[in-house]
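Listed below, chain by chain, are the residues.
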Amino acid sequence: MIKDLCHESNADLLSSLLNIPAENIACKRISDILTAPRSIKGIGHQKAHKLYVLKEIIRRIMAEPPSNAPIIRCAEDISNFFTPRLRYETKEQFVLALLGARNKLIVSPTISIGTLTASFVHPREIFTEALKYPCAAIVLIHNHPSGDPTPSKEDIKVTRKLVSCGKTMEIPVVDHVIIGDNTYYSMKEHGYIRK
C-alpha cells in the first residue's frame, strides 16, 4: 500500500529517501539541504549525489512549460511563474521568456549562468535565441541570489541596451524582472522600460 506522503514532514521525507535519521535533518530547510547536502550528518558523496540529481529533476520540472502555457500580463505573472525556478539558485541566472501572440509563453531558455553577484549577457545571445521562435515579444528575467531584487547599475545598463536592440530587431523587450526571495523588481513598473 502506498503511503500518503503529503502529510509527512520534510525531515521524514528526506530521511526515507536517504536512509538517515530524521533528527539529522529536522532543523534544516529543504533548499538549504539541496544546496549543501554534505553539511548534514550521515550524508556522504553518494547521498549528496542523489540530492543533486533530485535538485536537477526539480529544476527541470519547474522549467517545463505547462501544457496550457501561461499568459504573461504583468510582472507579477512573471514572478509567479519564475520564482520557483530561480529563487534558490546560488548563482545569477539570466532567463528569457519568449512570448507569442496574446503574450502566451512559448519557451523560457536559460541564456547564461553567472556568479554569485553577476550574470553576463550579450544582445547577440538574447536575439539569436529569440529568432529561433515565432515570438512577438520578450521578457528578461534574472535572479539575485542575495534575495534583494534591487537592480544594480549594470542591470539597468544591460536593460537599456537590450531594449534598444529589441526596437532595432522589432522584437520588443516588454519587461526585465529581477527575482529575489519571495519578491521581485520590474524595470517596466519602475519606469526603465517605456513603450
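Residues numbered from 1 in each chain as written. Predicted model: local features only at pLDDT ≥ 70, side-chain atom pairs only at ≥ 80, totals over all residues. Heavy atoms only, no water.

**Topic: the overall build of the protein**
In plain terms, the rule: Numbering goes from the N terminus for both helices and strands, where a helix is a DSSP run of H or I of at least four residues and a strand is a run of E of at least two. Classification of residues uses two cut-offs on accessible area relative to the type maximum, computed with a 1.4 Å probe and protein chains only: under 20% is buried, over 50% is exposed, and between them is partly exposed. This count recognises Lys and Arg as positive and Asp and Glu as negative, with His and chain-terminal groups excluded. A charged residue contributes its charge at one atom only: NZ of Lys, CZ of Arg, CG of Asp or CD of Glu.
Per the secondary structure count, the protein includes 6 helices and 6 strands. From first element to last, N terminus to C terminus, the protein shows the α and β order α-α-α-α-β-β-β-α-β-α-β-β. In terms of principal-axis extent, the alpha carbons of the protein reach across some 60 × 35 × 25 Å. A burial count over the protein gives 41% of its 195 residues as buried. Across the protein, the centroid of the 26 positively charged side chains sits 4 Å from that of the 20 negatively charged ones.

**Re helix α1 (residues 10-18)**
Here is the rule we go by: Here, the arc refers to the directions that run from the helix axis to the C-beta atoms. For this analysis, residues touch if any pair of their heavy atoms sits within 4.5 Å.
Taken together, the buried positions of α1 are occupied by A11, L14, S15 and L18. Viewed end-on, α1 has its buried residues packed into an arc of 105°, placing them on one side of the element. Elements that come into contact with the buried residues of α1 comprise α2 (30-35) and α3 (45-63). Two residues or fewer after α1 comes N19, characterised by a positive phi angle close to 55°.

**Observations concerning the side chain of S79**
Among the structural elements, S79 can be located in helix α4 (residues 75-86). A residue is classified by how much of its surface remains accessible, and S79, at 7% relative accessible area, is buried. Once residues lying within four places of it in the same chain are set aside, the contact partners of S79 are P84, I179 and Y184.

**Focus on the pairing of strand β1 (residues 93-99)**
Formally: Two strands qualify as a pair provided DSSP detects at least 2 bridges between them.
Across the 7 residues that make up β1, a large majority, 7, are buried. Both β1 and strand β3 (residues 110-113) contribute to a ladder of 3 bridges, which runs antiparallel. Each bridged residue has a counterpart across the sheet, and for Q93 the counterpart in β3 is I113. Judged from the 2 bridges that link them, β1 and strand β2 (residues 105-107) form a sheet pairing that is antiparallel. When the sheet's bridge partners are listed, L99 is paired in β2 with L105. A loop of 5 residues connects β1 with β2, the two strands running antiparallel in sequence, and R102 in this loop sits at a positive phi of about 60°.

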